[in-house]
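Reading the structure
So the chains spell out like this:
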Amino acid sequence: MLWLRPALAVVLASVAHAHVMGDAVHDAPARRFAREFAPVRVALLRTAVADRAPGGGGGRSSLEDMFACFSPAVRVHPVGDVLRVESNGLPAHGMMVGITAWQQQVPLPQPYTGNNAWSIPRHPQPSPSPVSIQNRFLRGAIALAANGIPIFNPQNNRGEVSQDIGELDQWGGHCGRADDYHYHIAPLHLQETLGRERPIACALDGYLIYGLTEPDGTAPQGLDAFNGHVVPALGYHYHASKKYPFVNGGFHGVVVERDEQVEPQPRAQGVRPALAALRGAKIVGFEGSPGQTASRLSYTVNGKPASVSYAALGGGQWRFQFVNADGATREEVHREGERGGGGGGRDARKKGGGAPK
Ligand SMILES: [Zn+2]
Ligand SMILES: [Zn+2]
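Residues numbered from 1 in each chain as written. Chains lettered and ligands numbered in written order. Predicted model: local features only at pLDDT ≥ 70, side-chain atom pairs only at ≥ 80, totals over all residues.

**Structural notes on the overall build of the chain**
Operational definition: The helix count covers DSSP runs of H or I at least four residues long, the strand count covers runs of E at least two residues long, and both are numbered beginning at the N terminus. Exposure classes come from backbone-placed C-beta atoms, where a residue is buried if 20 or more other C-beta atoms lie within 10 Å of its own, exposed if 12 or fewer do, and partly exposed in between. Throughout, a residue-residue contact means that the two C-beta atoms, derived from backbone geometry, are no farther apart than 7 Å.
Assigned secondary structure in the chain consists of 5 helices and 20 strands. Out of the 357 residues in the chain, the part that is buried amounts to 43%. Across the chain, the fraction of contacts at a sequence separation of at least 24, relative to all contacts at a separation of at least 6, is 66%.

Here's what the structure looks like:
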């Protein structure tokens, strides 16, 4: 492939760069590796994966390559030291089915574009004081999946592990207060598109998150408390896990924390007030897909069928039609911006919020 050739040219530069970026603890194996092998051999080893090395410099980095697998739904623009990533926040796969703890939110497109796009560091920097995500960063995203869907802390904003309490669908996602779809665990199913050789996401510190194995299929060795480690060919990276923390258990790299979340990150935009939890509800069907402007979510309450249908009316207006389990119906029309700022994407109930109705 032609674009591999320029990648070869930057390999030596990126080897040097790795040392500049390295920190004493996590990058020590990389340094030993470099000392034990002649530079040429290191360069050749790195060539095979140069396109996947974060911040490789020339060619298409592994970060861009990962998002390119979901183009044009996901669009990237390198701007200085960051990669701007745009999407409408809706995945191509099914949504919502399987949720048994539901706050009546549904997936709506989100304006993660322009000034409200994601900003991913292209040259991640190890932090002098890495921070855990446990009971911290409970607002907003901690990572961004290859398909442009945010990944939130595996703990919801009340500190519960979402996956353990029925909040998540078959794909590991659900919607927040702004009807914004996001995952709370690693979307390993994206490997159907990505293959195991590519990462499935990147943490908001810029380090990549691979699946349960290394690109060659072998089990990751020597993971740190954040599910991360250094492999000479890849530098520092995280791995997904099937148990907590599921994704990056913290930030090895530098991030800015403000108001309980990583900044900068896009704001989800809601169109209607957040609703209460619906006890006994189980989501059984969802029709509608990205690009479609009409969707229908079916659920049962204690076995009785109910549904929410919604459609874009144009001009930023949405019509919602509710058929409740008791047979009552109602219709609401809401307009984008009506609800005001959506915050950094919040889960349905606030910490310490009122009891579910
Ligand atoms: Zn690894
Ligand atoms: Zn959530």
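**A word on the nonpolar core**
Short version of the rule: Each nonpolar core comprises buried Ala, Val, Leu, Ile, Met, Phe, Trp, Tyr and Cys residues, the members being joined through C-beta atoms within 7 Å.
Ile142, Ala143, Leu144 and Ile209 are the most contacted members of the largest nonpolar core, which totals 68 residues. If one sorts the elements of this core by residue count, strand β5 (residues 141–145) sits on top with 5 residues.

**Some points on the sheet that holds strand β2 (residues 82–86)**
As a reminder of what qualifies: A strand pair is defined by DSSP finding two or more bridges across the two strands. Note on geometry: axes are lines fitted to C-alpha atoms, helical ones only across the stretch in contact, with angles between N-to-C directions running from 0 to 180 degrees.
Spatially, β1-β2-β3 is the arrangement adopted by the 3 strands of the open sheet, whose pairing is antiparallel. Across the chains shown, the open sheet's two edge strands, defined by having one partner strand only, are β1 (75–79) and β3 (118–121). Recorded for the sheet is a direction-independent mean angle of 30° between the axes of neighbouring strands. Where β1 meets β2, 5 bridges bridge the pair, whose relative direction is antiparallel. If you follow valine 79 over to β2, its bridge partner there is valine 82.

**Structural notes on the sheet that holds strand β19 (residues 317–323)**
In space, the 5 strands of this open sheet follow the order β16-β17-β18-β19-β20, with antiparallel pairing throughout. Both edges of this open sheet fall to β16 (281–287) and β20 (329–335), since each of them pairs with a single strand only. The mean angle between the axes of side-by-side strands here comes to 20°, regardless of whether they run parallel or antiparallel. Across 7 bridges, β19 lies against β20 in antiparallel orientation.

**A few points about unusual backbone geometry**
The peptide bond linking tyrosine 244 to proline 245 adopts the cis configuration, its omega dihedral lying at 10°. For proline 245, the position within the fold is in the loop between β12 (235–239) and β13 (250–253). Here the residue pair glutamate 263 and proline 264 is connected by a cis peptide bond, since its omega of -5° sits within 30 degrees of zero. Within the secondary structure layout, proline 264 lies in the loop between β15 (261–263) and β16. Residues other than glycine seldom take positive phi values, yet glutamine 104 does so here, at roughly 70°. By secondary structure assignment, the location of glutamine 104 is in the loop between β2 and β3. Taking the number of C-beta atoms within 10 Å as the measure of exposure, glutamine 104 has 18 and is therefore partly exposed. The residue asparagine 302 is not glycine, and still its phi comes out positive at about 50°. Here asparagine 302 lies in the loop between β17 (294–301) and β18 (304–314).

**Brief notes about the confidence of the model for the chain**
Where the model shows low pLDDT, its predicted coordinates should not be examined in detail. Short version of the rule: Per residue, pLDDT captures the predictor's confidence, and it can take any value from 0 to 100.
Averaged over every residue, the pLDDT of the chain is 83; residues scoring 70 or more account for 77%. Counted against residues more than four places away or in other chains, residues 1–58, with its pLDDT under 50, gives 84 contacts. Throughout residues 348–357 the model reports pLDDT below 50, and contacts reaching past four residues in sequence, or to other chains, amount to 14 contacts.

**Looking at the environment of valine 85**
Looking at the element boundaries, valine 85 is found in strand β2. Along the chain, valine 85 and arginine 75 lie 10 residues apart, while their C-alpha atoms are 5.7 Å from each other. Leaving out residues up to four positions away in the same chain, valine 85 has contacts with Phe67, Val74, Val76, Ala117, Trp118, Ile120, Leu144 and Gly148.

**A few points about the environment of glycine 235**
Structurally, glycine 235 is set in strand β12. The class for glycine 235 is buried, based on 26 C-beta atoms found within 10 Å. As a C-alpha pair, glycine 235 and leucine 208 span 27 residues in sequence and 9.6 Å in three-dimensional space.

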